[in-house]
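Spelled out, the chains give:
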Amino acid sequence: MKRRAVFAGSFDPMHNGHIDVIKRASNLFDYLYVAVSKNIDKKYTLSNNKRFQIVKCKIEKLNLKNVSVVENNGLTVDLVKRLKCQYLIRSIRNSKDVSYEINMAQNNFLLNQKIETIFFVASSKLKDISSTNQKELIRQRKMIIRNKHE
């Protein structure tokens, strides 16, 4: 049986930390799905469709033959089962992530005991990158550009 995994995230925006995990996971699994997910608890700067298109474009540029991008509007464990995968990839940057991700993995295991969660620890040079930080940088750049034009 081929080892198939899902790496799910909101990717709002996608950043180098995500890319690093995708590259590393693609080397360990026969096939990797990158799932652009919708989290009802998050406020997004981009629409689901726009996030999907951006992620798809970035993944295509990586030229990883065993990786594809899918949309996920439901529970991730349901998507993993539907795609006939055995593994769910999650990334951890710090101790705060560990607590959150372990809780999520335990909940997912309660929903489906056939799915194993695999944790990737962020590369040291990328551990401080987050979508929240990236959004703040984008917001500040826009303000600087706006101020230059006024």
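Higher on the page you've got the structure.
This one's a predicted model, so the numbers in the text were calculated from it and none came from an experiment.

Novice: Can you break down the sheet that holds strand S1 (residues 4–9) residue by residue, with the values?
Specialist: Spatially, five strands are ordered S3-S2-S1-S4-S5 in an open sheet, and the strand pairing comes out parallel. At either end of the open sheet lies a strand with only one pairing partner, and these are strand S3 (67–72) and strand S5 (116–121). Taken over all neighbouring pairs, the strand axes of this sheet differ in orientation by 30 degrees on average, direction set aside. Docked against the sheet, helix H1 (residues 16–28) engages S1, strand S2 (31–37), S3, strand S4 (87–92) and S5, running at close to 125 degrees with respect to S5.

Novice: Break down the pattern of salt bridges for me, citing the residues and quoting the values.
Specialist: Enumeration according to the criterion identifies four salt bridges in this entry. Arg90 is the salt-bridge partner of Glu101, the closest N and O atoms lying 2.8 Å from each other. Of this pair, Glu101 sits in helix H4 (residues 95–111) while Arg90 sits in strand S4, and the two are eleven residues apart along the sequence. With respect to class, Glu101 is no different from Arg90; both count as buried. For Asp97, the salt bridge identified is with Arg93, shortest N-O distance 2.9 Å. Owing to a relative accessible area of 13%, Asp97 belongs among the buried residues under this scheme.

Novice: Outline the packing of aromatic side chains, supporting the account with residue identities and numerical values.
Specialist: A full pass over the atoms with the stated rule returns three aromatic pairs. Measuring from ring centre to ring centre gives 5.7 Å for Phe7 and Phe11, while their planes differ by 75 degrees; the resulting arrangement is edge-to-face. Both residues of the pair, Phe7 and Phe11, count as buried.

The rules we used
- Residues numbered from 1 in each chain as written.
- Predicted model: local features only at pLDDT ≥ 70, side-chain atom pairs only at ≥ 80, totals over all residues.
- Heavy atoms only, no water.
- Pairing = 2+ DSSP bridges.
- Helix = DSSP H or I, 4+ residues; strand = E, 2+ residues; numbered from the N terminus.
- Axes fitted to C-alpha atoms, helices over the stretch in contact; angles between N-to-C directions.
- Contact = heavy atoms within 4.5 Å.
- Salt bridge = Lys/Arg side-chain N within 4 Å of Asp/Glu carboxyl O.
- Buried < 20%, exposed > 50% of the residue type's maximum accessible area, 1.4 Å probe, protein only.
- Phe/Tyr/Trp six-rings, centres within 6.5 Å; stacked < 30°, edge-to-face > 60°.

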